[in-house]
Amino acid sequence: MAFEQYLQRGRQKLRCGYTTGACAALAAKAAAKMLLTQQMAQEETLVLPKGLAVTVPIEEAAFSPSFASCAVRKDGGDDCDATHGLLIYARVSPCAHPGVEIDGGQGVGRVTRPGLDQPVGAAAINSTPRRMIREEVEAVCRSLDYQGGLSVVISTPGGEAVAQKTFNPVLGIEGGISILGTSGVVEPQSLQALLDTIQVELKMHAAAGCKEVIFTPGNYGEDFLKAHPPVREIPVVKISNFVGDSLDFAVEMGFTQVYLVGHLGKFVKLAAGVMNTHSRYADGRREVFAAHAGMAGANQNCICQLMEAPTADQCLAILEDAGLREPVLDSIFKQILYHTRRRADGIQVEAVVFSNQSGALAYSEEAGRLFRL
C-alpha cells in the first residue's frame, strides 16, 4: 500500500515516502502488540510528527512469550533514497528495568565522533525516532495494562553496505545506516535534507575543536583539492549549492576561517551576491562577465559575445582574445570576496576559483599559501 502523499516540484507531481525513523516506530509498535497479545500483526498505523497518518503492511513477523519481531519496508517515495526498500526490523522483549530501552542491532550504525545527535558509542538512532519509538511502545503498554519494561532493538540487514552510499562514513557513523527523520516524511528531492547533512557535518567538526574548514560544492572541487592538498589538515565539507547557508552555519558554530574552493562556473555567481548557486534560483554568469568586462574597457562586440557564451570557459576565451582576462578575473574575484566576507559576518573567508581547463584562476593570498598555488 503506497503512501499517498504528493508534492508538486515544478511540473512534476512526486510521491512522498516515510523515513527510517517512521519505519522503526511502526515496527516497534507492531512488535510490542504481538509480544503482549501473542497475536500476529498484519499491518500497523502511525500518525507521523508532521500530522500525516501512514498504514503499512507488517513483514517477517514472529513471536513467542519471550520476544516479538517484525519488519517494515522503507518507502522513499519518488526520492533518490539509498535506503529505499530496506527492511527495518524491531525486536521487542521484556527487560528487568522499567520503561522502554532502545538500541541498535545489525545494520544500524554506531556513533564514533562527538557532535552528532547521539553520544559516542550510541546507536545512530536520532532523537525524534527514539521519541517516536518510545511513545508508541509506551502507548501499547498502557492500552494493554502492561507494567513491566521492554527492550527494543532496531536492525536492518544490509544496512552496512547501504551506509557506504550515504554520508555516514564521513560523519563517523560506522557499521550501518542511521535511523533518521524529524517529520517522518521523506520529501522528494528534499533540499532541507542536504542542508541538514551539511549542518550535522559542520557540527561534528566544531565539536572536535576545528576552527577552520574548507567548503567546496562537489566533485570538481574535490578533484582540485586532491591535486592541491592543503599544507595542514583541515576538514573538507561538500556544500553543494548552499554557499550562503553554509557560511551561516560556520558563523553559528564558531568557526574562525573558511576556505571556499570552487569552479568558476559556480563561483562567478557569488560576485553578484547570489548565495545559492543552483540555476533554479539565479544564474547571471554571463551578466557578471559582461559587467566586469565593461568596467575593464571591453567594447560592445566583446560584451555581446560574453552575453551569448554558453559556458564560463568560453567567457574566459573571449576575454583572452580581447586581452582582458586578468583584469576581469581580478575584478570578479574581489567581488566574490566582498560578498562572501559580508555574509560570513566576521569569519575570515579565503577563496580559490579554478576551471577544469586552466586550473587555479584567482585566489586570495592566504588560500594561495594553504594550497601551494
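Shown above is the structure to which this text applies.
Report follows, based on the coordinates. (Residues numbered from 1 in each chain as written. Predicted model: local features only at pLDDT ≥ 70, side-chain atom pairs only at ≥ 80, totals over all residues. Heavy atoms only, no water.)

## With respect to the pairing of strand S18 (residues 359-363)
It is a general feature of regular strands that their side chains alternate between the two faces of the sheet.
Then step 1. Pairing of strand S17 (residues 348-355) with S18, which is carried by four bridges, proceeds in the antiparallel orientation. What sits directly across from phenylalanine 354, in S18, is alanine 360.
Then step 2. The antiparallel hairpin formed by S17 and S18 contains three residues in its connecting segment. (Pairing = 2+ DSSP bridges. Helix = DSSP H or I, 4+ residues; strand = E, 2+ residues; numbered from the N terminus.)

## Comments concerning the sheet that holds strand S11 (residues 149-155)
Hydrogen bonding along the main chain pairs the strands of a sheet, whether they run parallel or antiparallel.
Then step 1. Taken together, five strands build an open sheet; the order of strands is S6-S7-S8-S11-S9 and the sheet is mixed. Here the strands that pair on one side only, and so sit at the sheet edges, are strand S6 (59-64) and strand S9 (100-104). The sheet shows a mean angle of 15° between the axes of neighbouring strands, taken without regard to direction.
Then step 2. Sheet topology note: the S6/strand S7 (residues 67-73) ladder contains four bridges and is antiparallel. When the bridges of S7 are listed, alanine 62 appears paired with serine 69.
Then step 3. Together, S6, S7, strand S8 (87-95) and S11 form the strand contacts of helix H1 (residues 20-37), whose direction differs from that of S8 by roughly 40°.
Then step 4. Relative to S9, helix H2 (residues 127-143) is tilted by about 140°, and along the sheet it contacts S9 and S11. (Axes fitted to C-alpha atoms, helices over the stretch in contact; angles between N-to-C directions. Contact = heavy atoms within 4.5 Å.)

## Considering the sheet that holds S17
Then step 1. The five strands are arranged S15-S14-S16-S17-S18 in an open sheet whose pairing can be described as mixed. Each edge of the open sheet carries a strand with a single partner, namely strand S15 (236-238) and S18. This sheet shows a mean twist of 25° between the axes of neighbouring strands, independent of strand direction.
Then step 2. Where strand S14 (residues 212-216) meets strand S16 (residues 257-263), four bridges bridge the pair, whose relative direction is parallel. Across the sheet, glutamate 212 pairs through a bridge with glutamine 257, a residue of S16.

## Here we look at the packing of aromatic side chains
Then step 1. According to the stated counting rule, one finds two aromatic pairs in the structure shown.
Then step 2. Ring centres 4.7 Å apart and planes at 10° place the aromatic pair phenylalanine 224 and phenylalanine 354 in the stacked group. Pair noted here: phenylalanine 224 is in helix H6 (residues 219-227) and phenylalanine 354 is in strand S17, with a separation of 130 residues, a long-range link.
Then step 3. Taking the relative accessible area as the measure of exposure, phenylalanine 224 reaches 7% and is therefore buried.
Then step 4. Residues tyrosine 259 and phenylalanine 371 carry aromatic rings whose centres are separated by 6.2 Å and whose planes lie at 85° to one another, so their mutual orientation is edge-to-face. Placement of the pair is tyrosine 259 in strand S16 and phenylalanine 371 in the segment after helix H13 (365-370), with a sequence separation of 112 residues.
Then step 5. Residue tyrosine 259 is classed as buried on the basis of its relative accessible area of 1%. (Phe/Tyr/Trp six-rings, centres within 6.5 Å; stacked < 30°, edge-to-face > 60°. Buried < 20%, exposed > 50% of the residue type's maximum accessible area, 1.4 Å probe, protein only.)

## Some points on the pairing of S14
Then step 1. Across the five residues of S14, four count as buried, placing the element largely inside the fold.
Then step 2. Where S14 lies against S15, three bridges are found, and the strand directions are parallel. Paired with threonine 216 across the two strands is lysine 238, which belongs to S15.

## Concerning the nonpolar core
Then step 1. Counting 49 residues, the largest nonpolar core has Leu202, Phe215, Leu264, Phe289 and Leu306 as its most contacted members.
Then step 2. Residue contributions to this core peak at seven residues, all from helix H12 (residues 325-344).
Then step 3. Apart from residues lying up to four places away in sequence, phenylalanine 215 is in contact with Leu202, Val237, Ile239, Ser246, Leu247, Ala250, Val258, Tyr259, Leu260 and Val261.
Then step 4. Membership of the second largest hydrophobic core comes to 46 residues, among which are Cys23, Leu35, Leu46 and Leu48. (Core = buried A, V, L, I, M, F, W, Y, C linked by side-chain atoms within 4.5 Å.)

## Comments concerning the layout of surface pockets
Then step 1. Computed from the structure, the second largest pocket encloses a volume of approximately 240 Å³.
Then step 2. Taken together, 14 residues line the second largest pocket, and the ones lying closest to its centre are Phe167, Leu194, Pro217, Lys238 and Ser240.
Then step 3. Of all the elements in the fold, those that place two or more residues in the lining of the second largest pocket are helix H5 (191-207) and S15.
Then step 4. With four residues, the single largest contributor to the lining of the second largest pocket is H5. (1 Å grid on protein atoms, 1.4 Å probe; cavity = no way out; pocket = protein on both sides within 12 Å on 5 of 7 lines; lining within 4 Å. Points joined across faces, edges and corners; volume = space filled by probe spheres on them.)

## A word on the side chain of histidine 292
Then step 1. Counting through the fold element by element, histidine 292 comes out in helix H9 (residues 285-295).
Then step 2. The exposure class of histidine 292 is buried, given its relative accessible area of 7%.

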